[in-house]
Amino acid sequence: MSTAIDDAGDRRGKRVMWTYIVCGLSIFTLMLLVGILLRGSQAAWFALDAGVFYSLLSLHGVGMLTALTISGLGTLWYLVNRETPLNEGVAYVAFSLFVGGVAAVIVSVVVGHYGALWTMLYPLPFVGTYWPSWATGAWLIGTLLVMVGFTIWCAQILGALVVRFGGLNGMLGIDYVLRNRAFVQSGKEPPAPEMFAAAITAIDGFIAATAGLLVGIALLVHWLDPTVALDPLWAKNLTYMFGHTFANLTMYMAVAGIYVGLPLCTKRSYHTSVQLTVAWWATLTFVIIAYFHHLYMDFAQAQSVQYIGEIASYLAAIPVVVVTVYGGVLLVHRSGMRWTLGSMFLFAGMIGWVVGGFAAVLDATIPVNVDLHNTLWVPGHFHTYLLEGVVLFTLGWVFVNLEARSGGQTSALVRWLVGVGMFGGGALFLLSFYLAGAAGVPRRYAVEPAPGPFFANIATIGALVLLAGFILAASEALRLARLKPAHVPL
Amino acid sequence: MDSSVVLKIFLVVAVLAIVLLLWLANYRQSTPLAQSDLTARGYGIRRYWFWCTLIVAFAVYAITIPAFPYRKAQASVNARHYSVIAQQYGFTLPAVVPLDTPVVFDVTAKDVNHGFGIYDPGGRVITQVQAMPLYVNHLAVTFTVPGRYRVRCLEFCGIAHAAMQGSFDVK
Ligand code: HEM
Ligand SMILES: [Cu+2]
């Protein structure tokens, strides 16, 4: 690996990364338990009061996305810091904003019983509420803190990448694609694949966070002065421009696990190619407008936007997944790689990404969306690529590092048990969403109509099996972390 | 498009993808190749694979456009219009809607966002549209099966969202 920094700089980068990852995965574990409560309640294993259900669902949704964002941003920060030294003070400022934001959100939900979900679709958080007004304020302030932290991260990374690669042209590999021959002959090299992941996260993250701040501040103004009315369609557009992009970017952050982690497992290298660069351009351009698919069923929205929405959804998702996964499989194929927990998670994550992405693309097709919009198909697809994609990339990256650091191995039995738990349990959990969704069971129902509860039963069993696999993996991670370092990785 | 067909397509493709990827990962791992031996062929296939998926994506896009629901509502100017008003936590609906006749639902909401999801007598979603305050969404439908249709709210609208429903008869 090309390393532009000394050992001390690398150690500082690692400290930032592990601070972010440990915090992110701790929140993740908590939210996993909340998720199981929700599904168990839908299965009528016990009865959560509807108000409690929606408060917990609000917490679960925003908490999970923030958890994965925090660990993804930490990983990318570390990788960018290897290329061009970054000021870690900035990383800790952003980090404290994330922590403060999550704390405010928890207070809003646990003490105030806020329950208008992460979407807080105007005018919902103000009409027919069952929680005090201050809880809405605390929620808004919490999410705004997270957005501000995210914006700071984006600004720092963007600045560093622009300087390191000599402007947008170099950073995005424009000459590398458009004047390829001259570029290659001059002996220059395009940015490494994970730098595209960082750049796209920073650029689209900045735009999305700006949209989020805009609508968040507008909601805050309305909270302070209810006579200031907002337009619901405007608010909805901005809400999803932020929310959809934010959720998608967690994937593009975690993907660094493939670009950097898989080469460590396979002792091969992942090169930037013209196709990969073009695919990232497609994501860069379209991920920010792919959210139009959240408004397919708003016929009042300009029609042209609907027509753009479908193709933008395809182009944001398809090229980058087909090229990245193709490259990942090519790395593994006949490499003589040995399966470890790290390589297993990274490879399985690619499968989850492909499967969840395909389910998403189906639902992003308007004639299909007419029947599936806001059914359980939707949590089906995003839990697939988050739980069996982003989370696995994150865990894979953690294990690859722990394995390299300690030289420790996990027994085949434990690996199998973790695999059966996390993928077998996960499959049951996810399949139930798809089957119920295709049968028309709506999402976000505290009490579901038939056949919802039947599938919720299977899903809860699956989620518990998954939890067992996750606990086993976590204890294995702690065991590896406590082993004496064999050598310094990377 | 019928959701059960979509489900089948999804399951078949998902299983194929899983089997293919696992096979590629485990195939002859005990006799490794140098990366350079693999990339020569692999990169050639990649170009083909990249452009093929893009062409398929554009083809699917083109094929699905005629089935978009937006024009239909505009085209049915002569259809009978029925007003639908959603409000926490119920719908104001027509009691009866004619069979085999193009109708348009003019859907809006009084307080917050709701969803107007129509379930046929067999319990399947046949179509839907959002109900948004200050806006009216026009949903064109022609019912071809008589019976009692249930309406469920398909946008989270508050604590009793799951209980928000209504019904009308098609005859
Ligand atoms: C075993 C683990 C998990 C369980 C049992 C679980 C359970 C649930 C349940 C029951 C819902 C509500 C579904 C509905 O609409 O009726 C939900 C929604 C959601 N989950 Fe999970 N989940 C898990 C993991 C995750 C992960 C890893 C993420 C990653 C970011 C995540 C993010 C979300 C989001 C964003 C929502 C939507 C919230 C909303 O509708 O406002 N979940 N989850
Ligand atoms: Cu509702």
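Residues numbered from 1 in each chain as written. Chains lettered and ligands numbered in written order. Predicted model: local features only at pLDDT ≥ 70, side-chain atom pairs only at ≥ 80, totals over all residues. Heavy atoms only, no water.

### What to know about the coordination of the copper ion (ligand 2)
Residues and elements named next belong to chain B. On the protein side, the copper ion (ligand 2) has C153 (SG), E155 (O), C157 (SG) and H161 (ND1) as donor atoms, found 2.0 to 2.6 Å from it. Seen from the copper ion (ligand 2), its four donor atoms lie at angles of 83 to 129°, and the figure they make is irregular. For the copper ion (ligand 2), the donor residues sit on a single chain with the sequence spacing C-x1-E-x1-C-x3-H. Assessed through its relative accessible area of 0%, C153 is described here as buried. With relative accessibility at 1%, the residue H161 sits in the buried group. (Donors = N, O, S within 2.8 Å, 3.2 Å for Na, K, Ca; no water. Tetrahedral: all angles 85-135°; square planar, octahedral: opposite > 155°, others 65-115°. Buried < 20%, exposed > 50% of the residue type's maximum accessible area, 1.4 Å probe, protein only.)

### Some remarks on the site of ligand 1
All names here are of chain A. As a structural note, the neighbourhood of ligand 1 is formed by 26 residues, with Q42, H60, H383, R443 and R444 the closest of them. Interatomic distance of 2.9 Å between a side-chain N/O atom of Q42 and an oxygen atom of ligand 1. Counting residues per element, the ones that place at least two in the shell around ligand 1 are α1 (7–42), α2 (50–83), α15 (377–406) and α17 (452–482). No other element matches the seven residues that α1 contributes to the shell around ligand 1. (Near = heavy atom within 4 Å. Polar contact = N/O pair within 3.5 Å; in protein donor to acceptor, adjacent residues only side chain to side chain. Helix = DSSP H or I, 4+ residues; strand = E, 2+ residues; numbered from the N terminus.)

### Some details on the coordination of the iron atom of ligand 1
Residue and element names in this part refer to chain A. Surrounding the iron atom of ligand 1 are the protein donor atoms H60 (NE2) and H383 (NE2), at 2.0 Å. Classification of the site at the iron atom of ligand 1 as octahedral follows from its six donor atoms and the range of 88 to 179° in their angles at the metal. Taken together, the positions of H60 in helix α2 and H383 in helix α15 put the pair 323 residues apart, joining distant regions of the chain. Note on H60: relative accessible area 12%, which makes it buried.

### Re the packing of aromatic side chains
Evaluated as defined, the whole model comprises 40 aromatic pairs over all chains. Between F299 of chain A and Y70 of chain B, the ring centres sit 5.2 Å apart and the planes meet at 80°, which makes this aromatic pair edge-to-face. One end of the pair, F299 of chain A, is in the loop between α11 (274–286) and α12 (303–332); the other, Y70 of chain B, is in helix α3 (residues 70–75), on a second chain. Like F299 of chain A, the residue Y70 of chain B is buried in the burial classification. A ring pair is formed by Y434 of chain A and F10 of chain B, whose centres lie 4.4 Å apart and whose planes are at 40°; its orientation type is tilted. Of the two residues, Y434 of chain A is situated in helix α16 (residues 412–438) and F10 of chain B in helix α1 (residues 3–26); the pairing between them involves two chains. For Y434 of chain A, a relative accessible area of 2% corresponds to the buried category. Among the residues examined, F10 of chain B registers a relative accessible area of 2% and is labelled buried. Over the aromatic face of Y43 of chain B sits the side chain of R46 of chain B, whose NZ or CZ is 4.3 Å from the ring centroid. Lying across the ring of Y119 of chain B, R152 of chain B places its NZ or CZ 5.1 Å from the centre. (Phe/Tyr/Trp six-rings, centres within 6.5 Å; stacked < 30°, edge-to-face > 60°. Lys NZ or Arg CZ within 6 Å of the ring centre and 35° of its normal.)

### Thoughts on the side chain of S313 of chain A
Residues and elements named next belong to chain A. Checked against the element boundaries, S313 lands in helix α12. Exposure remark for S313: the relative accessible area of 6% places this residue in the buried category. Dropping the residues within four chain positions of it, S313 is found in contact with A290, H293, Y296 and A364. (Contact = heavy atoms within 4.5 Å.)

### With respect to the pattern of salt bridges
Side chains that differ in charge, positive against negative, can pair when their charged atoms come close. All names here are of chain A. Tallying each qualifying case throughout the model produces eleven salt bridges over all chains. Between E88 and R12 there is a salt bridge, with its nearest N and O atoms 3.3 Å apart. With E88 in helix α3 (residues 88–110) and R12 in helix α1, this residue pair connects regions lying 76 residues apart in the sequence. Under the relative-accessibility criterion, R12 is labelled partly exposed at 38%. Between E448 and R39 there is a salt bridge, and its shortest N-O distance comes to 3.5 Å. Here E448, found in the loop between α16 and α17, pairs with R39, found in helix α1; they are 409 residues apart in sequence, far enough to count as distant. (Salt bridge = Lys/Arg side-chain N within 4 Å of Asp/Glu carboxyl O.)

### Comments concerning the sheet that holds strand β3 (residues 96–97) of chain B
Residues and elements named next belong to chain B. If you trace the five strands from one edge of the open sheet to the other, you get β3-β9-β8-β5-β6, paired in mixed fashion. A single partner strand is all that each edge strand has here, and the edge strands are β3 and β6 (125–131). Bridge count between strand β8 (residues 147–152) and strand β9 (residues 165–170): six bridges; the pairing is antiparallel. Each residue of the ladder has a partner; that of R152, found in β9, is Q165. (Pairing = 2+ DSSP bridges.)

### Things to note about the environment of V136 of chain B
With respect to the element layout, V136 of chain B can be found in the loop between β6 and β7 (137–142). Remark: the alpha-carbon pair of V136 of chain B and K110 of chain B, spanning 26 residues in sequence, is separated by 11 Å.

### What about a nonpolar patch on the surface?
Residue and element names in this part refer to chain A. Taken together, the side chains of L37, W45, F46, L428, I461, L464 and V465 define a hydrophobic patch exposed on the protein surface, amounting to about 560 Å² of accessible area. Residue contributions to the nonpolar patch peak at three residues, all from α17. Assessed through its relative accessible area of 36%, L37 is described here as partly exposed. (Patch = residues over 30% accessible without salt bridge, like charges linked within 9 Å, V, L, I, M, F, W, Y side chains within 5 Å. Areas by Shrake-Rupley, 256 points an atom, 1.4 Å probe, with all protein chains shown as cover.)

### Side note on the domain arrangement of chain B
Per the domain assignment, the segments making up chain B are domain 1 (3–67) and domain 2 (73–170). A separation of 40 Å is found between the C-alpha centroids of domain 1 of chain B and domain 2 of chain B. (Domains from an automatic or database assignment.)

### As for the side chain of Q128 of chain B
In this fold, Q128 of chain B is placed in strand β6. The exposure class assigned to Q128 of chain B is buried, which follows from its relative accessible area of 1%. A polar contact of 3.1 Å, which involves the side chain of Q128 of chain B, links it to the backbone oxygen of V370 of chain A. A polar atom in the side chain of Q128 of chain B sits 3.0 Å from the backbone oxygen of H373 of chain A. Dropping the residues within four chain positions of it, Q128 of chain B is found in contact with M297, F299, N369, V370, D371, L372 and H373 of chain A together with F116, G117, L139 and L154 of chain B.

### Observations concerning the interface of chain B and chain A
Where interface size is quoted, it is often the accessible area lost as the parts come together. At the interface, 79 residues of chain B touch 85 residues of chain A. Contact with chain A buries surface across chain B, with F10, Y70 and F156 of chain B losing the most and accounting together for 11% of the total. Put simply, chain B and chain A have one salt bridge between them. Across the pair E155 of chain B and R444 of chain A runs a salt bridge, and its minimum N-O distance is 3.8 Å. Here chain B and chain A share 29 residue pairs in polar contact (both at pLDDT 80 or more) between them. At the level of secondary structure, the elements contributing two or more residues to the side of chain B that touches chain A comprise α1, α2 (35–64), α3, β6 and β7 of chain B. Looking at the side of chain B that touches chain A, the element that brings in the most residues is α2 of chain B, giving 16 residues. (Buried area = accessible area lost by both parts, 1.4 Å probe.)

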